[in-house]
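As a plain string of letters, each chain reads:
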Amino acid sequence: MPSGATAATVSAMTTTAPSPLAPGLRAAGFVGRVVDPADPDYDRARAGWNGAVDRRPAAVAYAGDADDVAAAIRAARAARMPFTIRAGGHSVAGRSVRDGALCIDLRGLNAVAVDPEHAIVRAGGGTLLSELDAATQAHGLAVPGGQISHTGVGGLTLGGGLGWMMRHHGLTIDSLRSAEVVLADGRIVRARADEHPDLFWALRGGGGDFGVVTQFEFAAHRVGPIVLAGMLAYPWDRAGEALRAGRALMDGAPDALTTFVALVTAPPEPPFPPELQGQRLAMVTVAWTGDIAEGERVLAPLRRDHPPALDLVDPMPYVALQSMLDPTAPPGGHYYDRLHYLPEVSDGFVDALLDGFERAPTPQAHVMTAWMGGAIDRVPTEATAFGHRGTRALTWIIGASGEEPVEPVAEWVRSVWTDTEPYASAGTYVNALDAGRSVRDAYVGDVYHRLVAVKRCYDPEGVFAGNGIAAG
């Protein structure tokens, strides 16, 4: 059993269930558990984070190591059955599960090994961000990650990795040193700058259409354990002021500061006072990962010139920052999202965004506008498949509807996305690419054509089809 596996993962890997696919998987050398529609655990096994995705795979195969992954791929190909790869299962579009396909689940590959002397971290392909953060923070280290702690490290990394430390230490891919990859033919290779460099380039921002990463090796950074972070809440009649104040704050801001301005509906509970509960708010959400006293000085003008109705910014553990937004994304909720990159956060954009949010159909829907730059821009654009360096900001329109049908809120997301499109840059984040759009829409310049060339080299028959990059 892999070290660090959860009890649920251990149970999934050690309990057997009959499956029509099992004989072919066993013959190929697969030793993990296989769950098919006849298994009482099937509905749990096929479910991902987004409850709006309701698909019925032919079976779910729980891999225990890279050899298991390779065996599952060989068996699926021999049976001429399509397959998907599920790391954390956090894809909004649900790309890790497909009707009638074999779902190869990586959650058993969640061991994290930290070398504190050299600040190197090795994480299995099924690791969650919370597991990575817990292991690294035990040594005062961190790898740039996302903003929801139950996000899978695999999908986050392969798409680029936007998060709280992106301005200070870059995207997640900027800390990636190497990757263990199972290829379409079952071979296991190591991709890094001096070994399969074309594959290494594609894995950093190109998504998961080139192979299965069963282990990531990251360079870690000295962060925490205490950082300065939290939220400044402004009532809706001051939402424009909050967005423009965030823009002014980020004009020449130190790299240690990352800011998201979130448009939300306050939940009906503390810490929000009664007069704000259930009301639309603008939240200036900040993360400072440098010296705490210096961070207080950087934020002082914002607090002085634009005093919030509620100030929740304080020193906190880094792991608390990483899970701070978890209540906005509970597993099983229904979600649909789209993202724009922005050359600037203009007044016209602010007005269009505020108008759009006033039409939000559910209290769970929210929009997050974040400033980029800093360490992101110090990596040459051509160095990775993430082709949006030099972008000033992004806005992420997130439709959520609890357990209600997702389509009304999805229509709202598309409407706000269209209304703000005139202010956007070309391309989008591949991890925010909905199922109805072409993967070409994610990339600009020659990035897509370079990805196709890598695809032809490592997966010429197109057996990996999560994002839709075609070899032909």
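All figures in this text were calculated on a predicted structure; none of them were measured in a lab.

What counts, and at which threshold
Residues numbered from 1 in each chain as written. Predicted model: local features only at pLDDT ≥ 70, side-chain atom pairs only at ≥ 80, totals over all residues. Heavy atoms only, no water. 1 Å grid on protein atoms, 1.4 Å probe; cavity = no way out; pocket = protein on both sides within 12 Å on 5 of 7 lines; lining within 4 Å. Points joined across faces, edges and corners; volume = space filled by probe spheres on them. Nonpolar A, V, L, I, M, F, W, Y, C, P; charged D, E, K, R; others polar. Buried < 20%, exposed > 50% of the residue type's maximum accessible area, 1.4 Å probe, protein only. Helix = DSSP H or I, 4+ residues; strand = E, 2+ residues; numbered from the N terminus. Pairing = 2+ DSSP bridges. Salt bridge = Lys/Arg side-chain N within 4 Å of Asp/Glu carboxyl O. Core = buried A, V, L, I, M, F, W, Y, C linked by side-chain atoms within 4.5 Å. Contact = heavy atoms within 4.5 Å. Axes fitted to C-alpha atoms, helices over the stretch in contact; angles between N-to-C directions.

*Asks:* Explain empty space enclosed by the protein to me, please; I cannot follow it from the model alone.
*Replies:* Think of a ball as big as a water molecule: rolled over the atoms, this probe shows where empty space is left. Applying the stated rule across the entire model yields four cavities of 30 Å³ or more. In this structure, the second largest cavity spans a volume of roughly 80 Å³. Together, Arg 46, Gly 48, Trp 49, Asn 50, Val 53, Arg 55, Arg 86, Gly 89, Ser 91, Gly 94, Ser 96 and Val 97 line the second largest cavity. For the lining of the second largest cavity, the per-class residue count stands at three nonpolar, six polar and three charged.

*Asks:* Got a minute to help me understand the pairing of strand E13 (residues 257-265) in this structure?
*Replies:* For a regular strand, the rule is simple: side chains alternate between the two faces of the sheet. For E13, the buried fraction is high: nine of the nine residues fall into the buried class. Judged from the nine bridges that link them, E13 and strand E14 (residues 280-288) form a sheet pairing that is antiparallel. Within E14, the position partnered with Ala 262 by the bridge is Met 283. As defined by bridge partners, E13 adjoins strand E18 (residues 366-371) across four bridges and the pair is classed as antiparallel. Across the sheet, the residue bridging to Phe 260 is Ala 370, located in E18.

*Asks:* Could you clarify how one ought to interpret the pattern of salt bridges in this entry?
*Replies:* Oppositely charged side chains are able to pair whenever their charged atoms sit close together. Tallied over the entire structure, the rule returns 28 salt bridges. Of the charged contacts, one joins Asp 347 and Arg 247 as a salt bridge, the two residues approaching to 3.0 Å between their closest N and O atoms. Highlighted residues: Asp 347 in helix H12 (residues 347-357) and Arg 247 in helix H9 (residues 239-250), separated in sequence by 100 residues. Residue classification places Asp 347 among the partly exposed residues on the basis of a relative accessible area of 39%. Between Arg 338 and Asp 434 there is a salt bridge; the shortest N-O distance is 2.8 Å. Here the residue Arg 338 occupies a position in strand E17 (residues 335-342), and Asp 434 occupies one in the loop between helix H13 (407-420) and helix H14 (447-458), the gap between them amounting to 96 residues. Overall, Arg 338 belongs to the buried group, its relative accessible area being 10%. Each of Arg 33, Asp 39, Asp 41 and Arg 44 takes part in a single network of salt bridges with overlapping partners.

*Asks:* When you look at the nonpolar core in this model, what are you seeing that I'm missing?
*Replies:* Generally speaking, soluble globular proteins have nonpolar side chains that are buried together. If you look at the biggest cluster of nonpolar residues, it comprises 46 residues, and the most contacted ones within it are Leu 162, Leu 321 and Tyr 429. Of all the secondary-structure elements, those providing two or more residues to this core are strand E12 (226-235), E13, E14, helix H11 (318-323), E17, E18 and strand E19 (393-400). The next biggest cluster of nonpolar side chains, apart from the first, holds 43 residues, and it includes Tyr 234, Leu 249, Val 261 and Leu 263.

*Asks:* Please explain the sheet that holds strand E1 (residues 34-35) as it appears in this structure.
*Replies:* With mixed pairing, four strands are arranged side by side in an open sheet as E1-E2-E4-E3. The open sheet has two edge strands with one neighbour each: E1 and strand E3 (83-86). The pairing of E3 with strand E4 (residues 102-105) spans four bridges and is classified as parallel. Bridge pairing in E4 places Arg 86 opposite Asp 105. Of the strands in this sheet, strand E2 (59-62), E3 and E4 are in contact with helix H4 (residues 66-78), which crosses E4 at around 175°.

*Asks:* What's the story with the sheet that holds strand E6 (residues 120-124) in this structure? I'm lost.
*Replies:* Two orientations exist for strands paired in a sheet by backbone hydrogen bonds: parallel and antiparallel. Overall, antiparallel pairing links the five strands, which are arranged E5-E6-E10-E8-E9 in an open sheet. Looking along the sheet, the strands with just one partner apiece sit at the ends: strand E5 (112-115) and strand E9 (188-192). Taken over all neighbouring pairs, the strand axes of this sheet differ in orientation by 15° on average, direction set aside. Where E5 and E6 come together, four bridges link them in antiparallel fashion.

*Asks:* Even after reading the chapter, I still don't get the layout of surface pockets, so can you show me in this structure?
*Replies:* Of the voids in this model, the largest pocket is the one considered here, and its volume is about 680 Å³. In terms of lining residues, the largest pocket is bounded by 29 residues, among which Thr 265, Pro 267, Phe 272, Pro 327 and Thr 328 are the most central. Mapped by element, the contributors of at least two residues to the lining of the largest pocket are E13, E14 and E18. If one sorts the elements of the lining of the largest pocket by residue count, E13 sits on top with three residues. The residue inventory of the lining of the largest pocket, partitioned by class, reads 20 nonpolar, eight polar and one charged.

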